[in-house]
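So the chains spell out like this:
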Amino acid sequence: CKVWYLAPPYGIYRAVIRYPATTDGYRAPADSTAAPYPGIVVANGFAGSESQITWISEHLTSHGYVTLCFTPPRRLSWDTTQWANGFLGGVACLLKQNERRFSPVNHLLDGETWGAIGLSMGGGGCVEATGTAGSRIDASVALAPAGFPKVHAAAQNITVPIQLQVGTEDKLVPPNNVLELYTDHLTNDTTKEYLAITGANHVGYIDEPYAELAQRWGIDNPPGIPVEQQHNISRKYFTAWFQYHLRHLEEYYSFIFGEEAERDLEDGILADLRFNIPQDFVTLQ
């Protein structure tokens, strides 16, 4: 379903909510058999919109999450706080929809468990929102996040699990920029992970038709792998991240920290993989 919400001082954010349903279609009957579900807010990057990054929301919804993907009021802005407020406002919007009698997601959400995932400016906003005081976000994934000073400052406040992804061929947000965010700004007091996908680029994180169009325009470096393959690798890691940290499903540990992840590194699917788990967290395994 389509919604709008106000997040001052930027204005009205347009968004699409997707949820587990018994059939496909607009405002289809909800599938409440496995409810309540965690909520995840999703965002595209600079000049992008919700309609260009549907693959992420659709995939997460198919795994039992209620998602809200927003388009900010000023798509051409370089202010990551606009995206950060979109994430925080998106959580508040879902909470309101969860309580509205005629909302298709009425009482579908558990209201306590929240994730966030964003690309580029949306990735920077995701980091900033996660590090904002009072944030409800429990786990985040930032795809090729923009690395502005206020993103770096917010990163130092993050205490919940956060995963950073980037492609080795990314011209817009080079891997070293994301690695700097991981090593120099995210503290070792939080669970964090950095992974570089071999052959992936920046535009390969958006829906395939738009990625191919952007590639023809020369916006990014040529990819070394097809868009579909980049999507498959990326979602393997962000899905496992959310399943493990939001749903506490132990079987996903191997996919992000264990043998499955190590195998991808050995096989060259990943060019780099680093993670930090605070000692008090390790003792719980």
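Everything below is about the structure printed above this text.
Below is a short write-up of the structure.

Calculation rules
Residues numbered from 1 in each chain as written. Predicted model: local features only at pLDDT ≥ 70, side-chain atom pairs only at ≥ 80, totals over all residues. Heavy atoms only, no water. Pairing = 2+ DSSP bridges. Helix = DSSP H or I, 4+ residues; strand = E, 2+ residues; numbered from the N terminus. Axes fitted to C-alpha atoms, helices over the stretch in contact; angles between N-to-C directions. Contact = heavy atoms within 4.5 Å. Core = buried A, V, L, I, M, F, W, Y, C linked by side-chain atoms within 4.5 Å. Buried < 20%, exposed > 50% of the residue type's maximum accessible area, 1.4 Å probe, protein only.

## Some words on the sheet that holds strand S1 (residues 2-7)
Spatial strand order, S1-S2-S4-S3-S5-S6-S7-S8-S9: nine strands in an open sheet with mixed pairing. Edge positions in the open sheet fall to S1 and strand S9 (270-276), since each of these has one partner strand only. Strand-to-strand twist across the sheet, computed as the mean angle between neighbouring axes with direction ignored, equals 20 degrees. Where strand S7 (residues 162-167) meets strand S8 (residues 192-197), six bridges bridge the pair, whose relative direction is parallel. Residue pairing in the sheet places Leu164 in a bridge with Tyr194 of S8. Running over the sheet, helix H3 (residues 121-130) touches strand S3 (37-43), strand S5 (109-119), strand S6 (139-143) and S7 and is turned about 140 degrees from S5.

## Structural notes on the nonpolar core
Side chains that are nonpolar tend, in soluble globular proteins, to be buried together. Of all hydrophobic cores here, the largest spans 53 residues; its most connected members are Ile56, Ile117, Leu164 and Phe242. In terms of residue count, helix H7 (residues 227-245) provides more of this core than any other element does, eight residues in total. One finds Leu94, Met121, Cys126 and Ala146 within the second-largest nonpolar core, a separate group that totals 32 residues.

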